[in-house]
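Now for the letters of each chain:
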Amino acid sequence: MSTRVALDTSALMMPVELDVRLFDELERLLDSFEPTTPQAVIEELRRLSEKGGREGTAANVGHDLATERCLVVDTEASYADDALVELAREGAIDYVVTNDRPLRDRVLEAKRPVIALRGRNKLAITQP
């Protein structure tokens, strides 16, 4: 069974905002993985992409990455962070990728490891 990695909004915006080669970095850390994202993250990216500017561009690229490369899953939660925590608590995913500190703490409390930016453009795993 493949390693399931859930990507949040901040993770999907990293390629534009932080010049991180997101999928290359995940392959470096995990070898093979199945990128997953909740529908709530897709909705959040769509809303952010309408704002325009650098954030809007980052969200637009993130939305395209998510819809082209990720398995999009439905959750009970409509708020993106809650949806990711729900997936972590249910054991539906193996890792969550985020740069959002409050979300990271919630995922670690749910006993799932978090992948986040360490240094300028490298990702690293934090165990619960």
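That block above? That's the structure.
The rules behind the values
Every chain's residues receive numbers from 1 upward, in the order its sequence appears when written. In keeping with the predicted nature of the model, local features appear solely for residues at pLDDT of at least 70, side-chain atom pairs appear and are counted solely at 80 or more, and the whole-chain, interface and lining totals rest on all residues. Computation of side-chain values: all heavy atoms of the structure, hydrogens and water removed. Axis geometry follows a simple rule: fit a line to the C-alpha atoms, using only the stretch in contact for helices, then measure angles between N-to-C directions, giving values from 0 to 180 degrees. Numbering of helices and strands runs from the N terminus, with a helix taken as a DSSP run of H or I at least four residues long and a strand as a DSSP run of E at least two residues long. Angle categories: roughly parallel below 35 degrees, roughly antiparallel above 145, roughly perpendicular from 65 to 115, and oblique for all the rest. Crossings are sorted by hand: turned counterclockwise from the far helix by less than a right angle, the near helix makes the crossing left-handed, and turned clockwise it makes it right-handed. In what follows, a contact means two residues having at least one pair of non-hydrogen atoms within 4.5 Å. Here the expected length of a helix is defined as 1.5 Å per residue gap, with one fewer gap than residues. Each residue is assigned to one of three classes by its accessible area relative to the maximum for its type, calculated with a 1.4 Å probe on protein chains only: buried under 20%, partly exposed between the two thresholds, exposed over 50%. Whether two strands pair depends on DSSP finding at least two bridges between them.

**Some words on the packing of helix α3 (residues 39–49) against helix α5 (residues 80–90)**
Contact geometry of α3 with α5 gives a least axis separation of 8 Å together with a crossing angle of 160 degrees. Put simply, α3 runs roughly antiparallel to α5. The chirality of how α3 crosses α5 is left-handed. Across from A40, V41 and E44 in α3, the residues of α5 making contact are A80, A83 and L84.

**Observations concerning helix α4 (residues 53–69)**
In this model, α4 (17 residues) spans 24 Å end to end at C-alpha, consistent with the 24 Å of a helix rising 1.5 Å per residue. Of all the positions in α4, only G56, A58, A59, G62, L65 and A66 are classed as buried. For α4, the elements touching its buried residues are α1 (9–17), α2 (22–30), β2 (34–38), α3 and β3 (71–73).

**Here's the deal with unusual backbone geometry**
Positioned with a positive phi, D19 is a non-glycine residue whose angle comes to about 55 degrees. Residues other than glycine seldom take positive phi values, yet D31 does so here, at roughly 70 degrees. Looking at where D31 falls in the secondary structure, it is placed in the loop between α2 and β2.

**Some words on the pairing of strand β6 (residues 122–126)**
Relative to β6, strand β5 (residues 114–118) is paired through five bridges, and the arrangement is antiparallel. Each residue of the ladder has a partner; that of L117, found in β6, is L123. Between β5 and the antiparallel strand that follows it, β6, lie three residues; G119 among them carries a positive phi value of about 80 degrees.

**Details of the sheet that holds β6**
Strands sit in the order β3-β2-β1-β4-β5-β6 across an open sheet of six strands; the sheet is mixed. The open sheet is flanked by β3 and β6, the only strands paired with a single partner. Averaged over all pairs of adjacent strands, the angle between strand axes in this sheet comes to 35 degrees, irrespective of strand direction. Examined bridge by bridge, strand β4 (residues 95–97) and β5 share two bridges and lie parallel to one another. Looking at β5, one finds that V96 is bridged to V114. This element, α1, spans β1 (4–7), β2, β4 and β6 of the sheet and lies at about 80 degrees to β1.

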